[in-house]
Amino acid sequence: MFLFALVYTAGTVSGMYGRGFGFLAFAILIVILIAECVATKGSFSGVRRIVVLLILTSSAVFATAQFRYTSVEENRDSYMQYMTDEKSVIVWGKIYKTEYKYFSYRYYMTDCVVQPGYGKAFDRKISCGDVVVYCDSKSAHLGDYMKACGKIGLFKSATNEGEFDRARFYRSQGIDFSVNADSIKTSAGKHAWYYHRLEKLRDTLSASLLEVTDETTAGVLSSMLLGDKSYLDDEIKDLYQVSGISHILAISGLHISIVGMAFYKFLRKKRVSYTAAFVCSAALILSYAVMTGNAVSTRRAVGMFILTMLAAALGRCTDMLNSLGIMVIYLLWDNPMVLGYAGFVFSVGAILAIGIVTPVMSAPKGGKFWTSVSIQLPMLPVVAMNYYELPLFAVLPYSISLYSEWKSGYAMQMLVRRGRKQYIISKAAAIFISGGCAAALPLLVSLLLSACYLPAIGIDSISLQNVVGNSMMWSALFFENPVLYAISYTGIVFVYGGIYAEIPLLCVGWMENRFGTVSYTHLTLPT
């Protein structure tokens, strides 16, 4: 199932970025499938039958993904051509998320129907994607059906590379447009009491956090525990992004595991049957997901948890990568554009790192430190591509290798065989190169990937899209040869990363623990 999820993802990429790129990815995946079969199966005749079956199945999965993406895009284009800024409309839908931010209430609606408020050609109602409604007062609740009258607000696309693309972000969430409501009417749905209780519980817990701590801390805790970012300060959010730990602020596998597994094990200790414990735990986790906004990462984590608990209830073993594959196919089928959402990429990428990289890196060395490194390193290119920044600790994993070798006694053997001077110089050179590569290689990968689909055009010095002033360093090179300009700045990043990685060497001789060696770098340089 995991390999089929890769094929389905390649089919979606084919529809999103072009058939050539998608078919290249599909060809690579077919080679992986064949190599997998040859490496794991016995006789050649059996391998041949399995390979043919996998190729046919993979082709069907690939074509299905392409068809799904094309149909979703054609359906969206069929009604979005009538939606323009400031057009008066009436929207009906069911509220699945409420949020208070920037002094206004936001109601996220699904199962929406829109009707332009004037014109004979637009008298009919049109089914559309999700819609976010902005309102000055709180007059609706989670689970209510809402009728909103107002004006459309289309999301703006990014005009510069690196700028936040609001249109792409909301499109990846399945949201087509926003409505600035002039008036709204609500009605309670069939199960409105359930949603109202969850919303009231969330508001009560959030108010309790505000009572026991300050607003800044309460905003962070409310985002971590309840998925409520109403009080989350933008500067705090940026700090988490720069540090490469912004995923902590999202409801994901950690929260689901703590809540779901704790309740499941509690029921099992009370001698509740596997089936009853599974049903109760699944109901609790689904309610928690609805209360916290049911984000993409939450849906992925909830789905994998339910599959794991279902396998335990049936007395079967479960595989993490196969469970991930099932959820990836489900999420991409529900909304193919979610592939462009950074939260989805981070969520899936972290699980891939745990399932593939962690066993390779942590098995020979052992310890929780290398487990953490094996998760962080594969995520560095994703961080660089989405935030155009890298956390400073990205260069540290190899920089403390001298500390590990000194504690294990390996350094003493090298000192006897090669001498202190040669060993220290070789170690310093290796640390410098590894730190520079950790900082610069993700930037080069991002540059190459951008060059694959962005046009290579000249930059006009008087254009409003110019972000490099004439007084900045190498500004002339930026206009004459932008690629060389990018590579030159990447070289500076390489040198800086190497120097930054050398700092822990200064304290290896007098620091007695690993944490102090790593923390010394952050204490000596501003972050």
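The present account deals with the structure reproduced in this document.

Reading guide: rules and limits
- Residues numbered from 1 in each chain as written.
- Predicted model: local features only at pLDDT ≥ 70, side-chain atom pairs only at ≥ 80, totals over all residues.
- Heavy atoms only, no water.
- Patch = residues over 30% accessible without salt bridge, like charges linked within 9 Å, V, L, I, M, F, W, Y side chains within 5 Å.
- Areas by Shrake-Rupley, 256 points an atom, 1.4 Å probe, with all protein chains shown as cover.
- Salt bridge = Lys/Arg side-chain N within 4 Å of Asp/Glu carboxyl O.
- Lys, Arg positive; Asp, Glu negative; His and termini not counted.
- Charge placed at Lys NZ, Arg CZ, Asp CG, Glu CD.
- Helix = DSSP H or I, 4+ residues; strand = E, 2+ residues; numbered from the N terminus.
- Contact = heavy atoms within 4.5 Å.
- Expected span 1.5 Å × (residues − 1).
- Buried < 20%, exposed > 50% of the residue type's maximum accessible area, 1.4 Å probe, protein only.
- Arc of directions from axis to C-beta.
- Core = buried A, V, L, I, M, F, W, Y, C linked by side-chain atoms within 4.5 Å.

Observations concerning a negative patch on the surface
Together, Asp214, Glu215, Asp233, Asp234, Glu235 and Asp238 line one region of the surface with negative charge. Among the elements that take part in the negative patch, helix H7 (residues 234-242) stands out by supplying three residues, more than any other. If you trace the backbone, Glu235 turns up in helix H7.

Description of the environment of Phe4
You can see Phe4 is positioned in helix H1 (residues 2-17). Here the alpha-carbon distance between Phe4 and Gly325, two residues 321 residues apart in the chain, equals 7.4 Å. Setting aside residues no more than four positions away along its own chain, Phe4 makes contact with Leu54, Thr57, Ser58, Val61 and Ile329.

Comments concerning helix H5 (residues 192-212)
With 21 residues, H5 should cover 30 Å at 1.5 Å per step; its first-to-last C-alpha distance of 31 Å lies within 8% of that length. Along H5, the residues that are buried comprise Ala192, Leu198, Glu199, Arg202, Ser206 and Leu209. Angular distribution of buried residues about the axis of H5 spans 135°; they occupy a single face of the element. Exposed and facing more than 90 degrees away from the buried side of H5 are Trp193, Arg197, Lys200, Glu211 and Val212. Tucked inside the fold, the buried residues of H5 contact strand E1 (88-101), helix H6 (215-226) and helix H9 (274-291).

Looking at the nonpolar core
Counting 24 residues, the largest nonpolar core has Val296, Leu324, Val328, Leu332, Val338, Leu339 and Phe344 as its most contacted members. Of all the secondary structure elements, the ones that give two or more residues to this core are H1, helix H3 (44-80), helix H10 (296-313), helix H11 (320-334) and helix H12 (342-365). Looking at this core, the element that brings in the most residues is H1, giving six residues. Those residues within four positions of Val296 in sequence are excluded, and the remaining contacts are Leu331, Val338, Tyr341 and Phe344. Counting residues in each nonpolar core, the second largest holds 23 residues, with Ile95, Met109, Ile126 and Phe177 among its members.

Points about a nonpolar patch on the surface
Together, Leu441, Leu444, Val483 and Ile487 give the surface a local cluster of nonpolar side chains, amounting to about 320 Å² of exposed area. Taken together, the elements giving at least two residues each to the nonpolar patch come down to helix H16 (420-453) and helix H18 (482-502).

Read these as geometric descriptors, not functional statements.
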